[in-house]
Amino acid sequence: MSFNSLQFLIFFPSVVAIYFIIPHKFRWVLLLISSYYFYMSWKPEYVILIMFSTLVDYILGIQIYKAKIPKAKKILLSISFLVNLGLLFTFKYFNFFSDSFRQALSLFSIPFNPLTLKVLLPVGISFYTFQSLGYIIDVYRAKIKPERHLGIFAVFISFFPQLVAGPIERAGNLLPQFLKKQYFGYQRLAAGLKIMLWGFFQKVVIADNLAVVVDKVYDNVTDSTGIPLILATVFFAFQIFCDFAGYSNIAIGAAKIMGIDLMTNFKRPYFASSIADFWRRWHISLMSWFKDYLYIPLGGNRVPLPRWYLNLMVVFIVSGLWHGASWTFVIWGALNGFYLVFEAATAKFKDGIAKRLMLDKFPKIQNIIQIGITFALVNIGWIFFRANSLSDAFYVVTHLFSNISLNIFNISGDDIGLGWAGLIIALSSLLIMESVHLMQERGRGIRQFLSAKPAAIRWSAYLAAIILILMFGSFKSAAFIYFQF
Amino acid sequence: MKENKIKFLKEGIFFTAVFMSIALILNLAYLKFIEPQRLIQKRDAIYRQFLQNSANRELDLAFFGDSHPDGDVDTSYIKNSFLFAQGGQSYVETYYELKKVLNDKVKIKNIVLQLDLHTFSAIPRSEDKLFRELYYYSQFIGIKDIAKLRKESLLSIFFQENIMFLGKGNELITNALIHLGLIPPTGSPKELSKNAKTAYAAHFGLNPTIEISEQTFDYFLNTLRLAKENGINIIFVKYPLSKQYELETEKYNLDKEGYYDKVFAEIDKVIGEHAVFDGYGIYFDNPEYFWDSEHLNALGSEVFSKKLNEYFSSK
């Protein structure tokens, strides 16, 4: 069941209504049943994987806490790693690694017929696996006490708003909220609905309309050169943002209505003025997970310079692999790691250039230039993220500026698959979204801005947003991109 | 807590009432201004006129099928004929359309059915593409049947049928742009070789074989049976395609013969002997007749329709 489906339109209000009607002590039962039902609407049998992970980490969490000897704690932690990452490897990476091994052997003319597992990738496996691993590591590090209530712990792993595409929550933040009695609150309900509305706008109006252009160009890349490739790549940058941030917003809003606060996942990433800044604003829950559980244990930046650079590369290559079992994702991750290393290594040199050009005296202009350069670099990365194969990605990179015509009006709306009307809608919606982001960058939230206005204006804005979503949204139940991860 | 709930209920009801009123106004506006502009409604208006004006309600030829007959056939060159074809029409829709026409007591001598390579292909004929003109079809097919055929819930069909402006904003803007003369009403002609790739992919994916949609084929056979029961003669037509489209089928080694052998074997079982007008390759050397790689332009349509008329007159 996707958030943008009719099923969810019935499912969610029903769950919320029952949630506030029944006593607090039974709410975990409702949340667990509804979360498993939500998940089972994709592939029912895969719920067993979540149940298994839940049970293993529930038992191991308690045993780690009870264990007196550090070595025993370590062994138990390793078992959890083995089980969780083993499942992830089997379902997500086995075929990729065996095929890559076959290809490597074929370079030396060694024939090898690898075993191929005929399994579908369980939706959201990377998300709930990381959430569960985070819990176990926190228990191991004695940052939190293990959850003794199996039902509550199962809800923590499978809480339906964030089960299939995050935000990847921390046990320290989420678990106590399930234990706390939540009351129905009008303000909270209204706030949650507004966040959901914004998420739907991002997903069905912007992302799904831009997807038409992106898919048309990227599914037959060799048919295009120049402007269509540039346009599709820039559109993809906004499509992936709106798709994923849209999902996160719907999840955050839905949880908020039930009194649960999930962490912020995006902070206007395309206003980032450096790659490091971009990664502080993009998929925050995953990047902070990597920071806490991989980057810092590797030594972070408190190590010799070459080792620091290596740490950055390792984190980003693993992050690429987390996104998908394909070399395009590995290269995307490596490229971002390289950007960060390069950025760190050339920081002084860049400052020197800025001073020579006297840009330091015009900080606004300097900031705009930095935002532009960061956006361009991020877009080069997105080419590898979106391309169907490495050869497609290299084709796009090498043909972005071939046969370029400055007269973009030579390209019709039909050529890029969306039609003029779709293009007008997609671009105006982007403009609306980026204007809202600009307001937020300047410290004025759209919700605060609207709440200061008279009710008639506020209601008109909400009604207009709903009508806009209904009229211009694409309702073909397009799946969220991040479900595949 | 209680105050909260009362406030929520009051404001919720008021907000819903305002929203419903706006939705109702938008629906009415859509019905009055946009729906009549749709090609299927324009064709239906002509059909209603025919029902009103024709004393004996007799047709020599009734064309059914998708955008190929719809774009390639100009009935002004074919005596006493009517075009029931519609872009994207599958045999499921053809069956119900024919049934409706027969219920209207129209006497048809011959029906002209499309038999192109993509006609039964599972990709363009997937269930979710059925009855896209929902408002039109729901006037003579129950929504329960539509839901069943589309494998969607009754509720989903109900919503789509009754909230007519749902997802139709683009159409609204397109109509406005056409009305203002900013874009041509029919789009622009396509480059044949580039379009052939897109058309092939839309018809067959990147596969060398044609995966036949069982549902479409069942309804095709039902259509043949319905025609037979009503004493209607059936003529099949393979519509013209460009050389560029043909080259694309060769590139993928599309098994055309195997496909037609299967189709004709089934036709033989239901109606026995049959007539086929094979227009597939007749304009391979005439790119000037094509709008895109698979549809004729006005000139091509005129030439082809005259050719069809000759063929029908000779029968």
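Residues numbered from 1 in each chain as written. Chains lettered and ligands numbered in written order. Predicted model: local features only at pLDDT ≥ 70, side-chain atom pairs only at ≥ 80, totals over all residues. Heavy atoms only, no water.

Before going further, it helps to examine the nonpolar core. Residues and elements named next belong to chain A. Core analysis: the biggest nonpolar cluster contains 153 residues, and Tyr270 and Trp382 have the highest contact counts within it. By residue number, the principal contributor to this core is helix H10 (residues 227-257), which donates 18 residues. Leave out the neighbours within four places in its chain, and Trp382 touches Phe236, Ala237, Ile240, Tyr270, Phe278, Trp282 and Trp332. (Core = buried A, V, L, I, M, F, W, Y, C linked by side-chain atoms within 4.5 Å. Buried < 20%, exposed > 50% of the residue type's maximum accessible area, 1.4 Å probe, protein only. Helix = DSSP H or I, 4+ residues; strand = E, 2+ residues; numbered from the N terminus. Contact = heavy atoms within 4.5 Å.)

What follows covers the interface of chain A and chain B. Contact residues are listed per partner, giving 27 residues for chain A and 32 residues for chain B. The junction of chain A with chain B conceals about 2700 Å² of combined surface from both sides, 77% of it contributed by carbon and sulfur atoms. Per-residue buried area on chain A facing chain B is highest for A:Tyr186, A:Trp459 and A:Met471; these three make up 24% of the total on that side. Summed over the shared surface of chain A and chain B, the number is 0 salt bridges. (Buried area = accessible area lost by both parts, 1.4 Å probe. Salt bridge = Lys/Arg side-chain N within 4 Å of Asp/Glu carboxyl O.)

Time to look at the pairing of strand S1 (residues 58-63) of chain B. Residue and element names in this part refer to chain B. With 5 bridges connecting them, S1 and strand S3 (residues 107-114) associate as parallel partners. Residue pairing in the sheet places Ala62 in a bridge with Ile111 of S3. As paired strands, S1 and strand S2 (residues 81-83) are joined by 3 bridges and run parallel to one another. Among the inter-strand pairings, Phe63 is bridged to a residue of S2, identified as Leu83. (Pairing = 2+ DSSP bridges.)

So, on to the domain arrangement of chain A. Residues and elements named next belong to chain A. You can read the domains of chain A as domain 1 (6-184) and domain 2 (188-480). Summarising the inter-unit geometry, the C-alpha centres of domain 1 and domain 2 are found 27 Å apart. Between domain 1 and domain 2, the contact holds 39 residues from the first and 33 residues from the second. In total, about 3100 Å² of surface goes out of reach between domain 1 and domain 2, with carbon and sulfur atoms giving 67% of it. In this assembly, domain 1 and domain 2 are joined by 1 salt bridge. Where Asp292 meets Arg170, a salt bridge forms, and the shortest distance between an N and an O atom there is 2.8 Å. There are 17 residue pairs in polar contact (both at pLDDT 80 or more) connecting domain 1 and domain 2. (Domains from an automatic or database assignment. Polar contact = N/O pair within 3.5 Å; in protein donor to acceptor, adjacent residues only side chain to side chain.)

Residue and element names in this part refer to chain B. The element S3 is largely enclosed, with a buried count of 6 among its 8 residues. Sheet analysis places S3 next to strand S4 (residues 233-238), joined by 5 bridges and oriented parallel. Residue pairing for S4: Asn110 is matched across the bridge by Asn233.

Further remarks concern the sheet that holds S4(B). Residue and element names in this part refer to chain B. In space, the 5 strands of this open sheet follow the order S2-S1-S3-S4-S5, with parallel pairing throughout. What marks the edges here is a single partner per strand, and that holds for S2 and strand S5 (275-278). Each adjacent strand pair in this sheet contributes to an overall mean axis angle of 25°, direction not counted. (Axes fitted to C-alpha atoms, helices over the stretch in contact; angles between N-to-C directions.)

All right, on to the packing of aromatic side chains then. This model, assessed by the stated rule, comprises 93 aromatic pairs over all chains. Arranged with centres 5.1 Å apart and planes meeting at 75°, the rings of A:Phe159 and A:Phe178 form a pair that is edge-to-face. Separated by 19 residues along the polypeptide, A:Phe159 in the loop between helix H6 (150-158) and helix H7 (160-163) and A:Phe178 in helix H8 (residues 171-179) bring together distant segments of the chain. Residue classification places A:Phe178 among the buried residues on the basis of a relative accessible area of 8%. Above the plane of the ring of B:Tyr260 lies B:Lys238, whose end atom (NZ or CZ) is 3.8 Å from the centre. (Phe/Tyr/Trp six-rings, centres within 6.5 Å; stacked < 30°, edge-to-face > 60°. Lys NZ or Arg CZ within 6 Å of the ring centre and 35° of its normal.)

Residue and element names in this part refer to chain B. Summarising the element assignment, Phe50 is placed in helix H2 (residues 39-53). C-alpha of Phe50 to C-alpha of Lys243: the two residues are 193 residues apart in sequence and 38 Å apart in space. The contact partners of Phe50, leaving out residues within four places of it in the chain, are Arg57, Glu58, Leu59 and Val106.

Before going further, it helps to examine unusual backbone geometry. Residue and element names in this part refer to chain B. Residue Asn80 is not a glycine yet carries a positive backbone phi of 45°. Along the chain, Asn80 falls in the loop between helix H3 (67-72) and S2. Although it is not a glycine, Asn253 adopts a positive phi angle of roughly 55°. When you line up the elements, Asn253 lands in the loop between helix H11 (243-251) and helix H12 (256-271). Classification of Asn253 by relative accessible area gives exposed; the value is 61%.

With that settled, the discussion passes to the packing of helix H14 (residues 327-345) of chain A against helix H16 (residues 363-386) of chain A. Think of two packed helices as two axes; the pair is described by the angle between the axes and how far apart they sit. Residues and elements named next belong to chain A. Viewed as axis vectors pointing N to C, H14 and H16 meet at an angle of 160°, and their least axial separation amounts to 8 Å. Between H14 and H16, the angle is such that the two are roughly antiparallel. The crossing of H14 and H16 is right-handed. Taken together, the residues of H16 that come into contact with H14 (itself represented by Thr328, Phe329, Ile331, Trp332, Leu335 and Tyr339) are Leu377, Val378, Ile380, Gly381, Trp382, Phe384 and Phe385. (Parallel < 35°, antiparallel > 145°, perpendicular 65-115°, else oblique. Left-handed = near helix turned anticlockwise from the far one by under 90°.)

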